[in-house]
Amino acid sequence: MITNVKQRPITKKQKQMLEDIQAELDLCYIPTSFGAVRHHCVKTNTHTQKGARQDVVGTVVIGSTRTQSACQKRHPQLMRLFKKFMKDHAPEFKFRTVYINIDTMCDAHFDHKNSGESLLIGFGDYSGGETWLFKMQADGSMKPYQYDISKKSISFDGSKIMHSSQKFTGKRYSLVFFQ
Ligand SMILES: [Fe+2]
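From a predicted model like this one, the values you see are computed outputs, not experimental measurements. (Residues numbered from 1 in each chain as written. Predicted model: local features only at pLDDT ≥ 70, side-chain atom pairs only at ≥ 80, totals over all residues.)

**Brief notes about the pairing of strand β2 (residues 53-62)**
Reasoning step 1: Examined bridge by bridge, β2 and strand β4 (residues 97-102) share 6 bridges and lie antiparallel to one another. Residue G58 lies in a different strand from β4, and its bridge partner there is T97.
Reasoning step 2: Bridge count between β2 and strand β3 (residues 65-68): 4 bridges; the pairing is antiparallel. Bridging from a neighbouring strand, I62 pairs with T65 of β3.
Reasoning step 3: The antiparallel hairpin formed by β2 and β3 contains 2 residues in its connecting segment, where G63 sits at a positive phi of about 65 degrees. (Pairing = 2+ DSSP bridges. Helix = DSSP H or I, 4+ residues; strand = E, 2+ residues; numbered from the N terminus.)

**Some details on the sheet that holds β4**
Note on sheets: strands pair through backbone hydrogen bonds, and any given pair is parallel or antiparallel.
Reasoning step 1: Here we have 7 strands laid out as an open sheet, ordered β1-β9-β5-β12-β4-β2-β3, and antiparallel in their pairing. Strands with a single pairing partner mark the edges of an open sheet, and in this sheet they are β1 (6-9) and β3. For this sheet, the mean angle separating the axes of adjacent strands, direction not counted, is 25 degrees.
Reasoning step 2: Examined bridge by bridge, strand β5 (residues 117-123) and strand β12 (residues 173-178) share 5 bridges and lie antiparallel to one another. Bridging across to β12, L119 finds its partner in F177. (Axes fitted to C-alpha atoms, helices over the stretch in contact; angles between N-to-C directions.)

See the structure below:
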């Protein structure tokens, strides 16, 4: 087990809310990650994946200014749905930004810019695609611990715990909530 990882079961009601989010996402423009030069796409290797799409909702820091993301301006309804979902799923969890991943498989990485905890949740009709969190062993090697974020969300400090996501089949959506 890895300490400092919190798991929250996804209730039936919340699964329905995630289906509504998925339906809304399918109506939105979420740009491809393939060939993207965006820092996060390169870091997680999604820029080599043909079907991968990613965007960010809420506020982002550009230089020293915090501003609304382009996706937030384009699709403000998404944040309203995300807030409604989180009020039910993890009301105490504070976030300003939500990263949307569609059909991505992320290489192991840290999120150094995120302050504090990130909460990850998966949905869609997929199998595989588990999230791995790595823990350093006494001999210095990194051992992965596997989580199915479509059954329980996980929250952890992504700046301290290295993480990745695995191969999947089907259509996989995930959201990352953070400050
Ligand atoms: Fe990450």
